[in-house]
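# A look at the structure
The primary structure of each chain is shown beneath.
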Amino acid sequence: MSEMLNGKSWKTTGAGIAAILVAVGAALSALTDNDPITTPDWAAVLAAGIAGIGLIFAKDNDKKAA
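Residues numbered from 1 in each chain as written. Predicted model: local features only at pLDDT ≥ 70, side-chain atom pairs only at ≥ 80, totals over all residues. Heavy atoms only, no water.

Along the polypeptide, Thr12 turns up in helix H2 (residues 10-31). Excluding anything up to four places from it in sequence, Thr12 contacts Leu55, Ala58 and Asp60. (Helix = DSSP H or I, 4+ residues; strand = E, 2+ residues; numbered from the N terminus. Contact = heavy atoms within 4.5 Å.)

On to the confidence of the model for the protein chain, then. Scored by pLDDT, the protein chain comes out at a mean of 86, with 80% of its residues at no less than 70. Per-element confidence in the protein chain ranges from a low mean pLDDT of 59 for helix H1 (residues 2-5) to a high of 95 for helix H3 (residues 42-57). (pLDDT = per-residue confidence, 0-100.)

Between H2 and H3, the least distance of the axes is 7 Å, while the angle of their chain directions is 160°. Between H2 and H3, the interaxial angle falls into the category roughly antiparallel. When you trace H2 past H3, the crossing you get is left-handed. Side by side, H2 and H3 meet where Thr12, Thr13, Ala15, Gly16, Ile17, Ala19, Ile20, Ala23, Ala27 and Leu31 of the first sit next to Trp42, Val45, Ala48, Gly49, Gly52, Ile53, Leu55 and Ile56 of the second. In terms of residue class, the contact of H2 with H3 is built from 13 nonpolar, 5 polar and no charged. (Axes fitted to C-alpha atoms, helices over the stretch in contact; angles between N-to-C directions. Parallel < 35°, antiparallel > 145°, perpendicular 65-115°, else oblique. Left-handed = near helix turned anticlockwise from the far one by under 90°. Nonpolar A, V, L, I, M, F, W, Y, C, P; charged D, E, K, R; others polar.)

On to unusual backbone geometry. Here Asn34, not a glycine, exhibits a phi torsion of approximately 60°, which is positive. With respect to the helices and strands, Asn34 occurs in the loop between H2 and H3.

Listed below in structure tokens is the structure:
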């Protein structure tokens, strides 16, 4: 597993994946709730997606706790 992460922290990568999944899940929920008034907040989905991608590509596994 450590070869897959290649210098990345599994915690940071997991947080990035979770951020993307939550954003996509919220958008899908808003799209499929049969309420025409409810619309996804695409700006929030985009922001969470970009943040998630940043967390996935972060290389912070070599940092030591202060």
